[in-house]
Protein chains: 2
Amino acid sequence: MPKGKNLPVAVVGAGMIRFGELFDKGYEDMVVEAYKNCLKSVDKGIDERNIEAAWLGIAGPGFTMRREVLGSSGLTEPLRFFPRPVTRVENACCSGSDAVRNAAFAVAAGIYDVVLVVGVEKQRNIPSRDSLIAQAAETFHAWWHPRGTTMPQRYAAFATAHMHQFGTTREQMATVAVKNHHNGALNPHAYFRNEITKEQVLNAPTVCWPLGLYDCCPTTDGAAAVILTGNARAKEYTDKPLYFWGTGLATGPFYLPWTSSFLGFPATEAAAKEASAMAGIGPKDIDVAELHDCFTIAELLAYEDLGFCTRGQSGHWLEEGHSFLEGDKPCNTSGGLKAKGHPTGATGVAQVCELWSQLRGEAGKRQVKNASVGLTHNVGGVGTQVMVNIFANELR
Amino acid sequence: MPKGKNLPVAVVGAGMIRFGELFDKGYEDMVVEAYKNCLKSVDKGIDERNIEAAWLGIAGPGFTMRREVLGSSGLTEPLRFFPRPVTRVENACCSGSDAVRNAAFAVAAGIYDVVLVVGVEKQRNIPSRDSLIAQAAETFHAWWHPRGTTMPQRYAAFATAHMHQFGTTREQMATVAVKNHHNGALNPHAYFRNEITKEQVLNAPTVCWPLGLYDCCPTTDGAAAVILTGNARAKEYTDKPLYFWGTGLATGPFYLPWTSSFLGFPATEAAAKEASAMAGIGPKDIDVAELHDCFTIAELLAYEDLGFCTRGQSGHWLEEGHSFLEGDKPCNTSGGLKAKGHPTGATGVAQVCELWSQLRGEAGKRQVKNASVGLTHNVGGVGTQVMVNIFANELR
């Protein structure tokens, strides 16, 4: 891909449901509600029949719905979408972002003019020991994952390494949770809409030291949807589309001791490099970002991996207020995974929904001033796969 | 997509492993072996580092490997492919074909010049009652699938309807199996390489009447891989690429009584229409075809749905010899799912491998004379999703 050549793709609609513990909604309910909210978001309206194809991002329906082989049925059935094509993309916690990426490629190739992307996950119907996240850490690399090796444990290793190497503190990590709960309290779609204090975070039960309960994002039910068109068609649907400037997916080894410094994710750096080259911009040009704060330490690592601050300085950079709602580079204005919730397949699509609100000036009490370029950052595994997507409210 | 505008994408390498009951090979062994065979197939050689991205087609790793969330790790780990991007596509038995489709879109969009597609499935390590196929028929539409509603049962309904409506006979269905075993016996990559007689098929134990043991394809282990490039780059790798003329994916309802005639799959017709429009050709232009003969009746339905013969005439058309190796439109020269085997995620990619051999004149004893245009047809569920891809050995 030539550098600085943006994808010729726009977002013309984005909608989601309020994330949470949704025992009252089935998988199909969530998909339909997110889809309808997405349709409603299209300023000039859209005839559903103009949607030519769809992509579904979902990570683990086998565990959650005993539906290992979901495929196109995951959308065709709830949306009565047949005979139109639907592809299911599974890329762990990046499933939603990668569904957006693949859908955009099809539009960029000129195959379709108008496509739908839905991200969804139903995680709360099964007990946590059997959950998707627990299972995800117990892969075919079982020789490395004895019982007890959980996601918090894996991220805790990064937290302790960062503390040891750079003097990062539990207070700094706690500040991520406080910030994101503050933002989540302003977001009607967030799972947790309550403010918390640094003391609450520090005094919460330990999950895996140094990570306590409030350092961990919740397992969540949720769904989100976006509609993409070719740039040439965008204005038929809205005068305020988002333009898809760049996308990047990169991968890393599952077995971290081989290569990891435990101080960051090379895959985030690689994905950001790919997306930024396509967008023709650097970290300084990002006005607002949705980051993968599955654990508080993960948001700090993201600041560094994305080049928002120098390596090792994320704790200080946070304390300086840059990433707060009022700062110069607000991060996770939606509340992030921590407060908005993390229904794996939905997360990457919901991140686009937040940029849809922010870059169009429709984010209400959590609106960032003069935001023009936004970034989404979505991590699978522990840096095993990372997606970065960049959107802007201007065509270049 | 404008009609007659081919995808600007070529196949420059294709390799697979011999399908079978591969207790001696793990998932990673199969992936690596198919990949290496694919690399070897590139006439002018290829530096592995030139492969920029990959797509993985696999339907059910949660059941077979307790690896529900596989994602990019499914290729990055066995091939040490990081930090390059890998997307897992899951679209039931169409997973491999749809992985090829999505990879081709990325190349057609100009994002990547050289990409890899791997299709794989490990099905034989688990007992058949717990198997992927059994589970696939027991979806969230469980209200319609009481215990005992299996894939053979669902296809048997089509067989009996076709017999009732058109006078199709068990002998005609048996002839599909005899033909495909004949072809499979000539294919070094086929699971079953033995000829069978019509009497053997008719006298085999009944699975679900009218389908007997030899009317059903085997559950299978296997893997296959192809390398795609932009047309402009193809000649760097081979003087005999296949050109990707057209692709189509279409879907149908899971709950058949709503809409189905039980005499064919509308999704096959829709997918073929989409692929044919892109290719700018019709059924008469197809020289050789790999069809989804998961059951013998399925191959007969495909003849009709693809327009190779008129509705209801597939049994006679078969008996007239058209689809035999020596006929004017040979079908399943590889042995098809019936004899070559059906490792779900690998099937659609392996179909491309057969066309790679046929359209380049390298199919040995099963070579079709003067084959220039080939079609692959891959069905998920029971017409729930259908893929058609069209390749040719000439650029138009």
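These numbers come from a predicted model, not from an experiment.

What counts, and at which threshold
- Residues numbered from 1 in each chain as written.
- Chains lettered and ligands numbered in written order.
- Predicted model: local features only at pLDDT ≥ 70, side-chain atom pairs only at ≥ 80, totals over all residues.
- Heavy atoms only, no water.
- Core = buried A, V, L, I, M, F, W, Y, C linked by side-chain atoms within 4.5 Å.
- Buried < 20%, exposed > 50% of the residue type's maximum accessible area, 1.4 Å probe, protein only.
- Contact = heavy atoms within 4.5 Å.
- Least-squares fit on C-alpha atoms with pLDDT ≥ 70 in both.
- Phe/Tyr/Trp six-rings, centres within 6.5 Å; stacked < 30°, edge-to-face > 60°.
- Helix = DSSP H or I, 4+ residues; strand = E, 2+ residues; numbered from the N terminus.
- Lys NZ or Arg CZ within 6 Å of the ring centre and 35° of its normal.
- Expected span 1.5 Å × (residues − 1).
- Buried area = accessible area lost by both parts, 1.4 Å probe.
- Salt bridge = Lys/Arg side-chain N within 4 Å of Asp/Glu carboxyl O.
- Polar contact = N/O pair within 3.5 Å; in protein donor to acceptor, adjacent residues only side chain to side chain.
- Pairing = 2+ DSSP bridges.
- Axes fitted to C-alpha atoms, helices over the stretch in contact; angles between N-to-C directions.
- Parallel < 35°, antiparallel > 145°, perpendicular 65-115°, else oblique.
- Left-handed = near helix turned anticlockwise from the far one by under 90°.

1. Topic: the nonpolar core
Formed by 84 residues in total, the largest nonpolar core has its most connected members in Trp55 and Val226 of chain A together with Trp55 and Val226 of chain B. In this structure Val226 of chain A touches Val11, Gly13, Ala14, Cys38, Val100, Val115, Leu116, Val117, Val349, Val352 and Cys353 of chain A, once residues within four positions along its chain are discounted.

2. What about the relation of the copies chain A and chain B?
You can overlay chain A on chain B at an RMSD of 0.0 Å; the transform is a turn of 180° with a shift of 0.0 Å along its axis. On the angle and the small slide along the axis, the relation comes out as a two-fold axis. Looking at the rotation axis and the C-alpha trace of chain A, the residue lying nearest is Ala109 of chain A, at 2.0 Å. Both copies share a contact surface, since 100% of the interface residues of chain A are interface residues in chain B too.

3. What about the packing of aromatic side chains?
What the rule picks out here adds up to 22 aromatic pairs over all chains. Consider the rings of Tyr155 of chain B and Phe158 of chain B, whose centres lie 6.3 Å apart with planes at 40°: the pair is tilted. Pair noted here: Tyr155 of chain B and Phe158 of chain B are both in helix H6 (residues 151–166), with a separation of three residues, about one helical turn. Judged by its relative accessible area of 1%, Tyr155 of chain B falls in the buried class. With a centroid separation of 4.5 Å and 25° between ring planes, the pair formed by Phe244 of chain B and Phe391 of chain B is classed as stacked. You can see Phe244 of chain B sitting in strand S8 (residues 242–251) and its partner Phe391 of chain B sitting in strand S11 (residues 385–392), a full 147 residues away along the chain. As far as the burial class goes, Phe244 of chain B and Phe391 of chain B line up, both buried. Three or more aromatic residues joined by ring pairs make a cluster, and in this case those are Tyr155, Phe158, Phe262, Phe265 and Phe295 of chain A. Here the guanidinium or amino end of Arg154 of chain B rests over the ring plane of Phe254 of chain B, the centre of that ring lying 4.7 Å away. The ring of Trp356 of chain B has Arg360 of chain B sitting right over it, with the charged end atom 3.8 Å from the ring centre.

4. Structural notes on helix H14 (residues 344–359) of chain B
Spacing of three or four residues puts side chains on the same side of an α-helix, whose turn is 3.6 residues. All names here are of chain B. With 16 residues, H14 should cover 22 Å at 1.5 Å per step; its first-to-last C-alpha distance of 24 Å lies within 8% of that length. The buried count for H14 comes to 16 of 16 residues, which makes it a mostly enclosed element. Gly361 sits one or two residues past H14 and shows a positive phi near 70°.

5. Observations concerning the interface of chain A and chain B
With 63 residues of chain A in contact, the opposing surface of chain B contributes 63 residues. For the chain A and chain B pair, buried surface summed over both sides reaches about 5100 Å², with 52% attributable to carbon and sulfur atoms. Along the contact surface separating chain A from chain B lie two salt bridges. Among the ionic pairs, Glu90 of chain B bridges to Arg88 of chain A, the shortest N-O distance being 2.7 Å. For the pair chain A and chain B, the interface holds 30 residue pairs in polar contact (both at pLDDT 80 or more). Looking at the side of chain A that touches chain B, the elements that each hand over two or more residues are helix H2 (61–65), helix H3 (73–79), strand S3 (86–90), helix H4 (95–108), helix H5 (132–136), strand S8 (242–251) and helix H10 (266–279) of chain A. The greatest single-element share of the side of chain A that touches chain B, amounting to six residues, is contributed by H4 of chain A.

6. Looking at unusual backbone geometry
Residue and element names in this part refer to chain A. That bond from Phe82 to Pro83 is cis: its omega, 10°, falls within 30 degrees of zero. Position of Pro83 relative to the elements: it lies in the loop between H3 and S3. Cis peptide bonds are those with omega within 30 degrees of zero, and the linkage from Trp209 to Pro210 qualifies with 10°. By the element assignment, Pro210 lies in the loop between strand S5 (206–208) and strand S6 (211–212). Unusually for a residue other than glycine, Arg80 sits at a positive phi of about 45°.

7. What about the pairing of strand S7 (residues 222–230) of chain A?
Note on strand geometry: in a regular strand, side chains alternate between the two faces of the sheet. Residues and elements named next belong to chain A. The buried fraction of S7 is high, at nine of nine residues. Inspection of the sheet shows strand S1 (residues 9–16) paired to S7 by seven bridges, in the antiparallel sense. Bridge pairing in S7 links Ala10 to Thr229. Looking at chain direction, strand S4 (residues 114–121) and S7 are connected through eight bridges and run antiparallel. Counterpart to Val114 in the pairing with S7 is Thr229.

8. Side note on the packing of H6 of chain B against helix H11 (residues 296–305) of chain B
Residues and elements named next belong to chain B. The geometry of H6 relative to H11 is characterised by a closest axis approach of 9 Å and an angle of 60° between their N-to-C directions. Put simply, H6 runs oblique to H11. With respect to the hand of their crossing, H6 and H11 are arranged in left-handed fashion. For the pair H6 and H11, contact is made by Tyr155, Phe158, Ala159 and His162 and by Ile297, Ala298, Leu301 and Glu304, respectively.

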